Every structure is written in C-alpha cells, then in structure tokens.
Amino acid sequence: MESNPNPKVTRADIMMRGALCRCPNCGRRGLLASWFRLNKACVSCGMDLAKSAGFYSGTTSIGYVAAIICVIIPVCLLVVFKVLSVGTGIILGIFGSFGFIVLIYPVMLCWMVMVYHLALPDDLPANAPNDGPRAG
Ligand SMILES: [Zn+2]
C-alpha cells in the first residue's frame with residue numbers, strides 16, 4: 001500500500017463533497033438509491049459503495065444517538081421545566097426522534113461515505129496510482 005503523494009482528490013475535497021452529499025470520488029450526485037439506501041456504486045463514476053457496507057451499517061446506531069441528543073434530551077428538559085406536559089413530551093419524544101432519524105438518514109449515509117474516505121483517501125478510484133478507470 002503506497003500512499004499517493006499527489007492525490008487528485010484531497011481530504012478537503014472529500015469533506016466539501018461529503019457535506020453536500022456528493023460522491024467523494026467524482027463530486028457529483030449519485031450516492032443514494034433511495035432516501036434510506038446507498039447505491040451499490042456511484043451512478044456518475046461507478047465507484048464501488050458496497051465494499052464498505054458493513055461500515056455504513058453503523059449509520060442507524062448513530063441516528064439513534066443523534067435523536068437522543070437532539071430530540072429526547074431537549075423534550076425531557078421541557079417536561080422538567082413544565083413547558084410541556086408529560087403526555088405531550090412522550091408523544092413529541094417518540095414522533096420527534098422517529099421523524100428526526102428519517103430526516104437525517106440520507107445525510108448520515110453520505111457522511112459515512114465521507115468519513116470512510118477521509119480515513120482512506122487513497123482508496124478512491126480517482127486517487128489510484130495508475131490513471132484511467134479500473135475494471136471490476
Ligand atoms: Zn462518483
């Protein structure tokens with residue numbers, strides 16, 4: 001495993017593209033097959049997205065933690081300070097966290113791809129030492 005001294009795609013590029021939910025390899029939209037699912041490969045450049053599927057499956061647990069921090073804790077505080085009744089708080093907590101996870105799910109998928117390639121920028125086809133597309 002040689003590190004590429006002159007990568008075409010830098011970590012800054014990967015972060016920019018990831019934040020915008022774009023493919024880290026080509027910078028175009030093509031990661032998401034649906035709201036909840038990544039494509040097997042980027043539709044624009046064909047970069048393989050399936051090989052790190054195990055890594056991306058961590059997305060759901062991150063979603064639960066994010067929902068607890070961003071929804072459940074604020075709702076609990078509102079109940080404690082009697083801004084909300086307990087009943088309203090419970091309903092808001094359940095539907096709020098569910099809605100929150102649904103809302104941020106595609107962003108989390110894209111960001112998992114981003115984090116993976118931030119850790120392994122040489123893994124991008126665009127940064128492969130030999131030029132041109134690789135078969136397979
Ligand atoms: Zn791509």
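Visitor: Sorry, what's going on with the coordination of the zinc ion here?
Guide: Put simply, a metal with four donors set out as a tetrahedron has ideal angles of 109.5 degrees, and one with six donors set out as an octahedron has ideal angles of 90 or 180 degrees. Here the zinc ion is held by the protein donor atoms Cys-23 (SG), Cys-26 (SG), Cys-42 (SG) and Cys-45 (SG), which lie 2.2 to 2.3 Å from it. In this structure, the zinc ion is surrounded by 4 donor atoms whose angles at the metal cover 106 to 113 degrees, and the resulting shape is tetrahedral. Sequence positions of the donors to the zinc ion reduce to the motif C-x2-C-x15-C-x2-C. When sorted by exposure, Cys-23 lands in the same class as Cys-26, which is buried.

Visitor: Could you clarify how one ought to interpret helix 3 (residues 59–80) in this entry?
Guide: Working note: α-helix, 3.6 residues per turn, so residues spaced by three or four point in the same direction. The end-to-end C-alpha separation of helix 3 is 30 Å, in line with the 32 Å expected for 22 residues at 1.5 Å each. Taken as a whole, helix 3 carries its principal kink of about 35 degrees at Ile-68. Listing the buried residues of helix 3 in full gives Thr-59, Gly-63, Ala-66, Ala-67, Val-71 and Val-75. Lys-82 lies just past helix 3 and shows a positive phi near 60 degrees.

Visitor: What is the right way to look at the confidence of the model for the protein in this model?
Guide: Do not read the predicted coordinates in detail wherever pLDDT is low. Overall, the prediction assigns the protein a mean pLDDT of 86, with 85% of residues at 70 or greater. Mean pLDDT per element in the protein: helix 2 (residues 53–56) is the minimum at 62, and helix 1 (residues 11–19) is the maximum at 95.

Visitor: What is the right way to look at helix 4 (residues 86–119) in this model?
Guide: Taking 1.5 Å as the rise per residue, helix 4 with 34 residues should run 50 Å; its terminal C-alpha atoms sit only 43 Å apart, a clear shortfall. Along helix 4, the largest kink reaches about 45 degrees and is centred on Tyr-105; proline Pro-106 follows within four residues of it.

Visitor: What's the story with the state of the cysteines in this structure? I'm lost.
Guide: Note on terminology: disulfide describes a covalent bond linking the sulfur atoms of two cysteines. Counted by the stated rule, this structure contains 0 disulfides. Looking at the unpaired Cys-110, the closest cysteine sulfur is the one in Cys-21, lying at 3.0 Å. With a relative accessible area of 1%, Cys-110 lands in the buried category.

Visitor: Explanation requested: the side chain of Asn-25 in the structure shown.
Guide: For Asn-25, the location among the structural elements is in the loop between helix 1 and strand 1 (32–34). Discounting residues that sit within four places of it in the chain, Asn-25 has contacts with Val-9, Arg-17, Cys-45, Met-47, Leu-124, Pro-125 and Ala-126.

Visitor: What am I meant to see in a nonpolar patch on the surface here?
Guide: On the surface, Val-65, Ile-68, Ile-69, Ile-72, Ile-73, Leu-77, Leu-78, Val-80, Phe-81 and Val-83 cluster together into a nonpolar patch covering about 920 Å² of accessible area. Since its relative accessible area comes to 43%, Ile-73 is described here as partly exposed.

Visitor: Honestly, the packing of helix 1 against helix 4 in this entry has me stumped. Any pointers?
Guide: Axis angle and axis distance: for two packed helices, these are the angle between their axes and the distance between the axes, and together they describe the pair. Interhelical geometry of helix 1 versus helix 4 gives an angle of 175 degrees and a closest axis separation of 9 Å. The orientation of helix 1 with respect to helix 4, classified from their angle, is roughly antiparallel. Where helix 1 approaches helix 4, its residues Arg-11, Ile-14, Met-15, Gly-18 and Ala-19 are matched on the opposing element by Cys-110, Trp-111, Met-114, His-117, Leu-118 and Ala-119. Looking at the contact of helix 1 with helix 4 residue by residue, the class counts come to 8 nonpolar, 2 polar and 1 charged.

What counts and how
- Residues numbered from 1 in each chain as written.
- Predicted model: local features only at pLDDT ≥ 70, side-chain atom pairs only at ≥ 80, totals over all residues.
- Heavy atoms only, no water.
- Donors = N, O, S within 2.8 Å, 3.2 Å for Na, K, Ca; no water.
- Tetrahedral: all angles 85-135°; square planar, octahedral: opposite > 155°, others 65-115°.
- Buried < 20%, exposed > 50% of the residue type's maximum accessible area, 1.4 Å probe, protein only.
- Helix = DSSP H or I, 4+ residues; strand = E, 2+ residues; numbered from the N terminus.
- Expected span 1.5 Å × (residues − 1).
- Bend = angle between axes of the 7 residues up to and from the residue.
- pLDDT = per-residue confidence, 0-100.
- Disulfide = S-S within 2.5 Å.
- Contact = heavy atoms within 4.5 Å.
- Patch = residues over 30% accessible without salt bridge, like charges linked within 9 Å, V, L, I, M, F, W, Y side chains within 5 Å.
- Areas by Shrake-Rupley, 256 points an atom, 1.4 Å probe, with all protein chains shown as cover.
- Salt bridge = Lys/Arg side-chain N within 4 Å of Asp/Glu carboxyl O.
- Axes fitted to C-alpha atoms, helices over the stretch in contact; angles between N-to-C directions.
- Parallel < 35°, antiparallel > 145°, perpendicular 65-115°, else oblique.
- Nonpolar A, V, L, I, M, F, W, Y, C, P; charged D, E, K, R; others polar.

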